[in-house]
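Chain residues, written in single-letter form:
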Amino acid sequence: MNASHADKLAELRTILDASDNIVFFGGAGVSTESNIPDFRSAGGLFSERVGKRELSPEEILSHTFFMQHTEEFYDFYKNKMIYKDAKPNPAHLALARLEQAGKLKAVITQNIDGLHQQAGSREVLELHGSVHRNYCMSCGQFFPLDAVLESAGVPKCSRCGGIVKPDVVLYEESLDTGVLEKARRYIEQADVLIVAGTSLRVYPAAGLIRFFRGRHLVLINKSPTPYDHAASLVIHDSIGKTLKACLT
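Only a predicted model underlies this, so the values are computations on that prediction, with no experimental measurement involved.

1. Structural notes on the overall build of the chain
Logical step 1: Helix and strand counts for the chain come out as 10 helices and nine strands.
Logical step 2: Relative to the compact-globule value of 18 Å for 248 residues, the chain shows a C-alpha radius of gyration of 19 Å, a close match.
Logical step 3: Across its three principal directions, the C-alpha atoms of the chain cover 60 × 35 × 30 Å.
Logical step 4: Here the chain holds 248 residues, and the buried ones make up 50% of them.
Logical step 5: By sequence separation, contacts in the chain at least 24 residues apart represent 62% of the contacts at least 6 residues apart.
Logical step 6: Carbon together with sulfur atoms contributes 50% to the accessible area of the chain, which is approximately 12200 Å² in total.
Logical step 7: Seen as two clouds, the 28 positive and the 29 negative side-chain charges of the chain have centres 2 Å apart.

The structure is reproduced here in structure tokens:
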């Protein structure tokens, strides 16, 4: 007989209470609860076509497009990828509480919005970078998000005049091997792995799950994933509502 939703919440609460070696792996679904649109759902960003040339967001957010059409890239990036007023939601806040309690060892995220840090999480591994870090491609000078948003057109370095690039992983670019390796180690050593808000179809990030050897793989997602069959607990519901209910 299938467990009820209340039974699943009770089981998750028991799992969290019993462990002090939890790792969280999150995708776009964590941020959608802060009203940041995701990419791959039916109404997500990648279902759109943009501009006169009918380019997809995937094409615009590529390394090639950034290098060849930098102004168009930034027009899209500033309008579609930046949500400066977004605030941490109950999922971000619950994870910060778990870390402060000594239970959660790391947050591994595919998101680039910095909301985990804003909520108070300290050990955050950003697989795809962050909109809050921007660097001159010529001299390496750092620029905060406001410098990008306040620039007219392409942001330029105030020191050398070079083009400023967001520290986000574009299509055709590789993930940072140091961050990937650190994420792998956390997952390998975890007793509990909570995977939430991700389709687990985007590689290489999704491939990290195979390194988990712990006791409880928990999946929280509104739709099924390819790993549901391998999980010890699957909850198809809001991440924030689920985690908040387990910490009250």
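2. Looking at the pairing of strand S4 (residues 129-136)
Logical step 1: Where S4 lies against strand S6 (residues 164-168), five bridges are found, and the strand directions are antiparallel. For tyrosine 135, the partnering residue across the bridge sits in S6 and is lysine 165.
Logical step 2: As defined by bridge partners, S4 adjoins strand S5 (residues 142-143) across two bridges and the pair is classed as antiparallel. Each bridged residue has a counterpart across the sheet, and for asparagine 134 the counterpart in S5 is phenylalanine 143.
Logical step 3: If you look at the hairpin formed by S4 and S5, you'll find five residues sitting between the two strands, and glycine 140 has a positive phi there, around 85 degrees.

3. Some thoughts on unusual backbone geometry
Logical step 1: For asparagine 35, which is not glycine, the phi dihedral falls at a positive 65 degrees.
Logical step 2: Within the secondary structure layout, asparagine 35 lies in the loop between helix H2 (28-32) and helix H3 (57-60).
Logical step 3: The exposure class assigned to asparagine 35 is exposed, which follows from its relative accessible area of 68%.

4. A word on the sheet that holds S5
The pairing of strands in a sheet happens through backbone hydrogen bonds and is either parallel or antiparallel.
Logical step 1: Strand order in the open sheet made by the three strands is S5-S4-S6, with antiparallel pairing throughout. For this open sheet the edge positions go to S5 and S6, each flanked by a neighbour on one side alone.
Logical step 2: Along the sheet, helix H5 (residues 70-80) contacts S4 and S6; its crossing angle with S6, the most-contacted strand, is approximately 50 degrees.

5. Considerations on the nonpolar core
Logical step 1: Leu12, Phe24, Ile194, Val218, Ile220 and Leu243 are the most contacted members of the largest nonpolar core, which has 25 residues in total.
Logical step 2: Put simply, the parts of the chain that give this core at least two residues each are helix H1 (5-18), strand S1 (22-26), helix H6 (90-100), strand S2 (104-109), strand S7 (192-196), strand S8 (216-220), strand S9 (233-235) and helix H10 (239-247).
Logical step 3: Ranked by size, the runner-up nonpolar core spans 23 residues in total, among them Leu175, Leu200, Ile209 and Leu219.

6. As for the side chain of lysine 78
Logical step 1: With respect to the helices and strands, lysine 78 occurs in helix H5.
Logical step 2: A distance of 2.9 Å separates a polar side-chain atom of lysine 78 from the backbone oxygen of serine 151.
Logical step 3: When neighbours within four sequence positions are excluded, lysine 78 is seen to be in contact with Val148, Leu149, Ser151 and Gly153.

7. What about the UniProt feature "active site" (unreviewed entry) in the chain?
Logical step 1: As recorded in UniProt, the sites labelled "active site" (unreviewed entry) are His128.
Logical step 2: Residue position: histidine 128 is located in the loop between strand S3 (124-126) and S4.
Logical step 3: For histidine 128, a relative accessible area of 17% gives the class buried.
Logical step 4: Not counting residues within four places of it along the chain, the set of residues in contact with histidine 128 comprises Thr109, Gln110, Ile112, Asp167, Val168, Val169 and Leu175.
Logical step 5: A polar atom in the side chain of histidine 128 sits 3.0 Å from the backbone oxygen of glutamine 110.

Rules and cut-offs
Residues numbered from 1 in each chain as written. Predicted model: local features only at pLDDT ≥ 70, side-chain atom pairs only at ≥ 80, totals over all residues. Heavy atoms only, no water. Helix = DSSP H or I, 4+ residues; strand = E, 2+ residues; numbered from the N terminus. Rg over C-alpha atoms; globule rule 2.2 N^0.38 Å. Buried < 20%, exposed > 50% of the residue type's maximum accessible area, 1.4 Å probe, protein only. Contact = heavy atoms within 4.5 Å. Areas by Shrake-Rupley, 256 points an atom, 1.4 Å probe, with all protein chains shown as cover. Lys, Arg positive; Asp, Glu negative; His and termini not counted. Charge placed at Lys NZ, Arg CZ, Asp CG, Glu CD. Pairing = 2+ DSSP bridges. Axes fitted to C-alpha atoms, helices over the stretch in contact; angles between N-to-C directions. Core = buried A, V, L, I, M, F, W, Y, C linked by side-chain atoms within 4.5 Å. Polar contact = N/O pair within 3.5 Å; in protein donor to acceptor, adjacent residues only side chain to side chain. UniProt positions renumbered as here; feature names shortened; annotations may be inferred.

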